[in-house]
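Geometric and topological summary
Each chain, letter by letter, is given below.
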Amino acid sequence: MPPLRPFIYAELLPNIRQISIIATVEPSCDNSTEVKLSLDRKTISLEHRWLTSILLLPGQIAASAVLKKKPDVASKELTWRLPLAGEPTRGKLDTNDAPWPAQSLRENTELFCRGCDELILAEGSIVSWRDLPSENWAEMMDFWHCHKPSEHGQAGHSHSGETKGYGANKKFTARQTVGFVDLTTFLLSENDCQNITVIASDWRSLLYQPLSCTKCKEYIGHIDKNAEGYRLYKWRLNIVSKASATYYGPSTSSIITAQLQSIMSAQCCSKVLLLPMTYKSPAHSIPPSESTDGNTAPSSSSPTTVLHFWVLSPTIRYSSTARDTKQDRKAGDMQDLPASKLAMKIFWKRISGSMVESLVGNASVEEVFLPEETIAEIHETLRESADFLPASARKFQDWDVGLLERFEGEPGMGNGG
């Protein structure tokens, strides 16, 4: 077996203005092992048995930091916490950006199925794009209206925002030529869309009636009966950049993490269940999942994937040599070093049966319903993300530890093309 390159992982700790670094070598440190910081204090290199790993750090190390050049012999894992240079800044760590907000979209925006590039929304179909408020906006407005100091205790004081036009009964409905956007979906009028098939299974007892791409049969959204329109999932769609004529579609995890961050902020809750849209308690019957027109709805009778999340850090910035595809890097070779990434750090486990039942309805756990194949994709992403972490940081008690990508912008899109 060929020798393994040293592994290095670094994570920015903005609250204490430090960078945590963990490195591992196989089988252990010896006289050949050497650690160095670059002159600009932005990279760290670790040489072991004539193999070199170089990591671009998620921040610049302060000039006062001292790094022991020769680690102790026989050590397998090396750890440092080094002070950060410059003034404290959090930047994108304090934001909750999501792909394709209304301000980035134009009248010439077109949406395509990500599975087959079939046109779903043609250029000119939407003349106005608008951001939807958060899901709990009506309740917040009711609370604000009820507790306004200037009105509290007055005769005729109402405990509802209905008279103001923004109560919890009020709702946004799809309108032709208007595209509504939230963190994870587009709300569109049926008349503005094309090449979409309504799956004709009996979904009356479920929350969602699915929509599929007519060409490739991919599940791309569902009918929103309350909003009287189509909810199309951002992670199932692409937008074409007019400048480069290339398709752009952000990762599924970068979209879902924006939703998780929103839940944490609104509900002050760090534990979440990802449940399939077909989920029903065993006490309820499940309708057939096979349609009469040849389209197949997501199956609800097969074993489902339910993920239990405990969000440790909603946004971190990290670097890992596992992201470096250049396997023969030499000392001093800084070419094409992978940049640091934004991510959500999560404790997670896959659960089923009675454990799911015990958590559904629990006040300390929020529930997010997603297509089953989307949950399976997130599950696989979490499993693969363990490779970016040091072996000692991949488990916490009976939880697995994983990383999900956070959104950082749309490369080459020009904010909607």
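Residues numbered from 1 in each chain as written. Predicted model: local features only at pLDDT ≥ 70, side-chain atom pairs only at ≥ 80, totals over all residues. Heavy atoms only, no water.

**Re helix H2 (residues 252–267)**
Taking 1.5 Å of rise per residue, the 16 residues of H2 would be expected to cover 22 Å, and the 23 Å separating its terminal C-alpha atoms lies within 8% of that figure. Among the 16 residues that make up H2, 12 are buried, leaving the element largely enclosed by the rest of the structure. Turning to H2, its buried residues number three or more, namely Thr252, Ser253, Ser254, Ile255, Ile256, Thr257, Ala258, Gln259, Leu260, Gln261, Ile263 and Met264. The elements touched by buried residues of H2 are strand S18 (271–276), strand S19 (306–320), strand S20 (341–351), strand S21 (366–370), helix H4 (372–385) and strand S23 (399–405). One or two residues past the end of H2 sits Cys268, with phi positive at roughly 55°. (Helix = DSSP H or I, 4+ residues; strand = E, 2+ residues; numbered from the N terminus. Expected span 1.5 Å × (residues − 1). Buried < 20%, exposed > 50% of the residue type's maximum accessible area, 1.4 Å probe, protein only. Contact = heavy atoms within 4.5 Å.)

**A closer look at the pairing of strand S1 (residues 7–13)**
With respect to burial, S1 is a largely interior element, seven of its seven residues being buried. Bridge count for S1 against strand S2 (residues 18–24) is seven bridges, and the pairing is antiparallel. By the bridge assignment, Ile8 is partnered in S2 with Ala23. The turn joining S1 and S2, which pair antiparallel and follow one another in sequence, is formed by four residues; a positive phi near 55° is taken by Arg17. Across three bridges, S1 lies against S19 in antiparallel orientation. Among the inter-strand pairings, Ala10 is bridged to a residue of S19, identified as Ser319. (Pairing = 2+ DSSP bridges.)

**Here's the deal with unusual backbone geometry**
In this chain, Glu26 is followed by Pro27 through a cis amide linkage whose omega measures -5°. Inspection of the secondary structure assignment puts Pro27 in the loop between S2 and strand S3 (34–37). With phi around 50°, Arg49 is a residue other than glycine that occupies positive phi space. By the element assignment, Arg49 lies in the loop between strand S4 (43–48) and strand S5 (51–56). Accessibility expressed as a relative area gives 40% for Arg49, which makes it partly exposed. Located in the positive-phi region is Lys217, a residue other than glycine, with phi close to 70°. Judged by relative accessible area, Lys217 falls into the partly exposed class, the value being 46%.

**A short note on the layout of surface pockets**
Considering only enclosed or pocket space, the second largest pocket measures out at about 430 Å³ in volume. Every residue lining the second largest pocket is counted, 19 residues in all, and those nearest its centre are Leu4, Arg5, Pro6, Phe7 and Thr321. Taken together, the residues that form the lining of the second largest pocket break down as eight nonpolar, four polar and seven charged. (1 Å grid on protein atoms, 1.4 Å probe; cavity = no way out; pocket = protein on both sides within 12 Å on 5 of 7 lines; lining within 4 Å. Points joined across faces, edges and corners; volume = space filled by probe spheres on them. Nonpolar A, V, L, I, M, F, W, Y, C, P; charged D, E, K, R; others polar.)

**Some words on the nonpolar core**
Soluble globular proteins tend to pack their nonpolar side chains together in the buried interior. With 25 residues, the main nonpolar core has Trp129, Phe186, Leu188, Ile196 and Leu232 as its most contacted residues. Counting 24 residues, the second-largest nonpolar core is a separate cluster that includes Tyr219, Tyr233, Leu307 and Trp348. (Core = buried A, V, L, I, M, F, W, Y, C linked by side-chain atoms within 4.5 Å.)

**Some details on the sheet that holds S3**
With antiparallel pairing, the three strands of this open sheet are ordered in space as S3-S4-S5. Unpaired on one side and paired on the other, S3 and S5 mark the two borders of the sheet. When the angles between neighbouring strand axes are averaged without regard to direction, this sheet yields 15°. By the bridge criterion, four bridges tie S3 to S4 in an arrangement that is antiparallel. What sits directly across from Glu34, in S4, is Glu47. (Axes fitted to C-alpha atoms, helices over the stretch in contact; angles between N-to-C directions.)

**Some points on the environment of Ile126**
Mapped onto the elements, Ile126 comes out in the loop between strand S8 (119–121) and strand S9 (128–131). With 16 residues separating them along the chain, Ile126 and Glu110 place their C-alpha atoms 9.1 Å apart. For Ile126, the contacting residues outside a window of four places in its chain are Arg106, Glu107, Leu121, Thr177, Val178, Gly179, Leu188 and Asp192.

**Comments concerning the side chain of Gln259**
Within the element layout of this structure, Gln259 appears in helix H2. The exposure class assigned to Gln259 is buried, which follows from its relative accessible area of 17%. For Gln259, the contacting residues outside a window of four places in its chain are Leu183, Thr184, Val368 and Leu370.

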